[in-house]
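Spelled out, the chains give:
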Amino acid sequence: QVQLVESGGGLVQSGGSLRLSCAASGLAFTHYHMAWFRQPPGKEREFVAVISVSGDRTDYADSVKGRFTISRDNAKNTVWLQMNSLEPEDTALYYCAAKEFVYGLMYKADEYKWWGQGTQVTVSS
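Keep in mind it's a predicted model, so treat the numbers as computed, not measured.

Q: I keep staring at the nonpolar core and nothing clicks. Help me out?
A: Side chains that are nonpolar tend, in soluble globular proteins, to be buried together. Core analysis: the largest hydrophobic core is formed by 37 residues, its most contacted members being Met 34, Trp 36, Leu 81, Met 83 and Tyr 94. Among the secondary structure elements, those contributing two or more residues to this core are strand E3 (18–25), strand E4 (32–39), strand E5 (46–51), strand E7 (68–73), strand E8 (78–83), strand E9 (92–100) and strand E11 (119–124). Dropping the residues within four chain positions of it, Leu 81 is found in contact with Leu 18, Arg 19, Leu 20, Trp 36, Val 48, Ala 49, Phe 68, Thr 69, Ile 70 and Tyr 94.

Below, the structure written as structure tokens:
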């Protein structure tokens, strides 16, 4: 049974930082690209960041470039999202997602097979 379990969300003031974690089980972690998506209140789910199976390639949504960093540890089956300089516009439910290896990075939610339950991030102004 595949499980992706996010943690680390919470309430933070504008300008603050949070580090989200996603622990994966039930899948061959080293065979999966991992990504973070988010869903702001009343809006569609949107891409945030992606990391390749080996961690050598990453990419980010323009809105978070320079503020967020995605990383992974294949020995721990874990992916993280370090979020700095948080803004109220970053308020959302953040999801971890996994997609089996393909050449190239994927940015659309419907391309990802496995999803976590989400962790809430709220940034106050």
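Having seen the structure, we can now continue with the description.
Q: Help me understand the pattern of salt bridges, please; the structure alone is not making it clear to me.
A: Any two side chains of opposite charge can pair, on the condition that their charged atoms come close. One pass over the full model with this rule turns up 5 salt bridges. The salt bridge partner of Glu 87 is Arg 67, with a shortest N-O separation of 4.0 Å. Of this pair, Glu 87 sits in the loop between E8 and E9 while Arg 67 sits in the loop between strand E6 (58–60) and E7; the two residues are 20 residues apart in sequence, bridging distant segments of the chain. Residue Arg 67 is joined to Asp 90 by a salt bridge in which the shortest nitrogen-to-oxygen separation is 2.7 Å. Here the residue Arg 67 occupies a position in the loop between E6 and E7, and Asp 90 occupies one in the loop between E8 and E9, the gap between them amounting to 23 residues. Look at the salt bridges and you will find they share partners, linking Arg 38, Glu 46, Arg 67, Glu 87 and Asp 90 into a network.

Q: Which parts of the structure should I look at to understand the side chain of Thr 91?
A: Tracing the backbone shows Thr 91 in the loop between E8 and E9. Polar contacts involving the side chain of Thr 91 include one to the main-chain amide nitrogen of Val 123, which spans 2.9 Å. Leaving out residues up to four positions away in the same chain, Thr 91 has contacts with Pro 40, Pro 41, Gln 120, Val 121, Thr 122 and Val 123.

Q: I tried to follow the side chain of Asp 90 on my own but got confused; where do I start?
A: Since its relative accessible area comes to 1%, Asp 90 is described here as buried. Within the structure, Asp 90 has its side chain in polar contact with the side chain of Arg 67 (distance 2.7 Å). Once you skip the residues sitting within four places of it in the chain, Asp 90 turns out to touch Arg 38, Arg 67, Phe 68, Ser 85, Val 121 and Val 123.

Q: So what exactly am I meant to see when it comes to unusual backbone geometry here?
A: The phi torsion of most residues other than glycine is negative, and most of the peptide bonds are trans. Of note in the backbone geometry, Asn 77 takes a positive phi value of approximately 55° without being a glycine. Mapped onto the elements, Asn 77 comes out in the loop between E7 and E8. Exposure remark for Asn 77: the relative accessible area of 25% places this residue in the partly exposed category.

Thresholds applied
Residues numbered from 1 in each chain as written. Predicted model: local features only at pLDDT ≥ 70, side-chain atom pairs only at ≥ 80, totals over all residues. Heavy atoms only, no water. Core = buried A, V, L, I, M, F, W, Y, C linked by side-chain atoms within 4.5 Å. Buried < 20%, exposed > 50% of the residue type's maximum accessible area, 1.4 Å probe, protein only. Helix = DSSP H or I, 4+ residues; strand = E, 2+ residues; numbered from the N terminus. Contact = heavy atoms within 4.5 Å. Salt bridge = Lys/Arg side-chain N within 4 Å of Asp/Glu carboxyl O. Polar contact = N/O pair within 3.5 Å; in protein donor to acceptor, adjacent residues only side chain to side chain.

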